Amino acid sequence: MIDRGHGLFVTLEGADGGGKTTQLRRLATRLRAAGADVLETVEPGGTPIGRKIREILLDKSNAEMDRHTELLLYFAARAQNVHEWILPHLARGGVVLCDRFTDSTLAYQGGGRGFGEETVLALHRIACGTLQPDVTVYLDIDAETGLNRARTGRGNLDRMDAQSLEFHRSVRAAYLRLAEAEPERIVTIDASPGANEVELAVWAAVAPRWERTLVR
Ligand code: TMP
């Protein structure tokens, strides 16, 4: 496994409709302006192989997909991203911004699908070794608002969005538990205000960590 070097690994987490993708783009712009070599990526789907796996995962016609298949496909996409892109970029001293990572699996499959933490973390060790984000920004939004925003934003729902409200509530509960358990790594930000306000809060969470990498 490649040494992760001195780079900074930042992940964004939260329900769909919380503005993660917009915030990731804005954060990348700010970090680049500060001189960082930024790789923007997404889970699932950061690599060409990952994009194919993403299509299978989110295709609504795959309604019969077993939860075990789902869990393993998320990690299959992640393993490829970690080894093809994330670790090499960190080893070069760059900043990796990843839209979702293993906290998503802990929340959606661990919480929503009922696998629990231990199973998810065991697979994480196989797919990602000891790699952990240096900082995780969790954009918190209640399940109803998130789903409504995702629905109006996208027009149609993918296989995961189309899960029940109860499923999405258990995903949020799992995220809140994770954030409570790891307050040093996971910064919780209220995603309900406008994008400009959220952007400032995200920058306040990440900028000090980025500055610290400069003196390493
Ligand atoms: P996205 O729409 O934010 O790109 O994410 C795709 C969907 O996949 C989203 O509904 C969350 C879900 N997901 C999981 O269920 N487990 C995971 O490990 C990841 C990365 C995403």
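About the thresholds
Residues numbered from 1 in each chain as written. Predicted model: local features only at pLDDT ≥ 70, side-chain atom pairs only at ≥ 80, totals over all residues. Heavy atoms only, no water. Salt bridge = Lys/Arg side-chain N within 4 Å of Asp/Glu carboxyl O. Helix = DSSP H or I, 4+ residues; strand = E, 2+ residues; numbered from the N terminus. Buried < 20%, exposed > 50% of the residue type's maximum accessible area, 1.4 Å probe, protein only. Contact = heavy atoms within 4.5 Å. Pairing = 2+ DSSP bridges. Axes fitted to C-alpha atoms, helices over the stretch in contact; angles between N-to-C directions. Expected span 1.5 Å × (residues − 1). Arc of directions from axis to C-beta. Parallel < 35°, antiparallel > 145°, perpendicular 65-115°, else oblique. Left-handed = near helix turned anticlockwise from the far one by under 90°. Nonpolar A, V, L, I, M, F, W, Y, C, P; charged D, E, K, R; others polar. Near = heavy atom within 4 Å. Polar contact = N/O pair within 3.5 Å; in protein donor to acceptor, adjacent residues only side chain to side chain. Areas by Shrake-Rupley, 256 points an atom, 1.4 Å probe, with all protein chains shown as cover.

**Brief notes about the pattern of salt bridges**
- Per the counting criterion, the structure on display carries twelve salt bridges.
- Here Arg185 makes a salt bridge to Asp103, at a shortest N to O gap of 2.8 Å. Of this pair, Arg185 sits in the loop between α7 (165-181) and β5 (186-190) while Asp103 sits in helix α4 (residues 102-112), and the two are 82 residues apart along the sequence. Neither residue differs from the other here; Arg185 and Asp103 are each classed as buried.
- Within the structure, one salt-bridge network assembled from shared partners comprises Arg26, Arg30 and Glu199.

**Observations regarding the side chain of Gln109**
- Within the secondary structure layout, Gln109 lies in helix α4.
- Every residue in contact with Gln109, bar those within four places of it in the chain, is listed here: Glu70, Leu71, Tyr74, Ser104, Gly114, Phe115 and Met160.

**Re the sheet that holds strand β4 (residues 135-140)**
- Across the sheet, which stays open at both edges, the five strands sit in the order β2-β3-β1-β4-β5 with parallel pairing between neighbours. Strand pairing shows two members of the sheet lacking a second neighbour, β2 (38-42) and β5, which therefore form its edges. Averaged over all pairs of adjacent strands, the angle between their axes in this sheet comes to 20°, without regard to strand direction.
- Of the strand pairs in this sheet, strand β1 (residues 8-14) and β4 are connected by five bridges, and their pairing is parallel. Pairing of Gly14 across the sheet is with Leu139, part of β4.

**Observations regarding helix α1 (residues 20-33)**
- Here α1 spans 20 Å end to end across 14 residues, near enough to the 20 Å set by a 1.5 Å rise per residue.
- Among the residues making up α1, those that are buried are Lys20, Gln23, Leu24, Leu27, Ala28 and Leu31. Along α1, the residues classed as buried sweep out an arc of 140° about the axis, all on the same side. Opposite the buried face of α1, at more than 90 degrees from it, the exposed residues are Arg25, Thr29 and Ala33.
- Packed against the buried residues of α1 are β1, β2, β3 (95-99), β4 and α8 (195-214).
- Of the residues trailing α1, Gly35 is marked for its positive phi of about 100°.

**Topic: the packing of helix α2 (residues 48-58) against helix α3 (residues 67-91)**
- Across the interface, α2 lies against α3 with an axial gap of 9 Å and an inter-helix angle of 165°. It follows that α2 is roughly antiparallel to α3 by the angle criterion. α3 is crossed by α2, and the crossing has left-handed handedness. In this structure, α2 uses Pro48, Ile49, Gly50, Ile53, Ile56, Leu57 and Leu58 to contact α3, whose residues at the interface are Glu70, Leu73, Tyr74, Ala76, Ala77, Gln80, Glu84 and Trp85.
- Split by residue class, the contact of α2 with α3 holds eleven nonpolar, two polar and two charged.

**Considering the site of the ligand**
- The ligand sits among 15 residues. The nearest are Arg54, Tyr74, Arg100, Thr105 and Gln109.
- Between the ligand and Lys20, the relevant distance is 3.2 Å, taken from an oxygen atom to a side-chain nitrogen or oxygen of the residue.
- Measuring from an oxygen atom of the ligand, one finds a side-chain N or O atom of Thr105 at 2.7 Å.
- For the ligand, the protein covers 97% of the area, taking 480 Å² as the surface of the free molecule.
- Breaking the shell around the ligand down by element, the ones donating at least two residues are α2, α3 and α4.
- It is α4 that contributes the most residues to the shell around the ligand, four residues altogether.
- Of the residues belonging to the shell around the ligand, the class tally is five nonpolar, three polar and seven charged.

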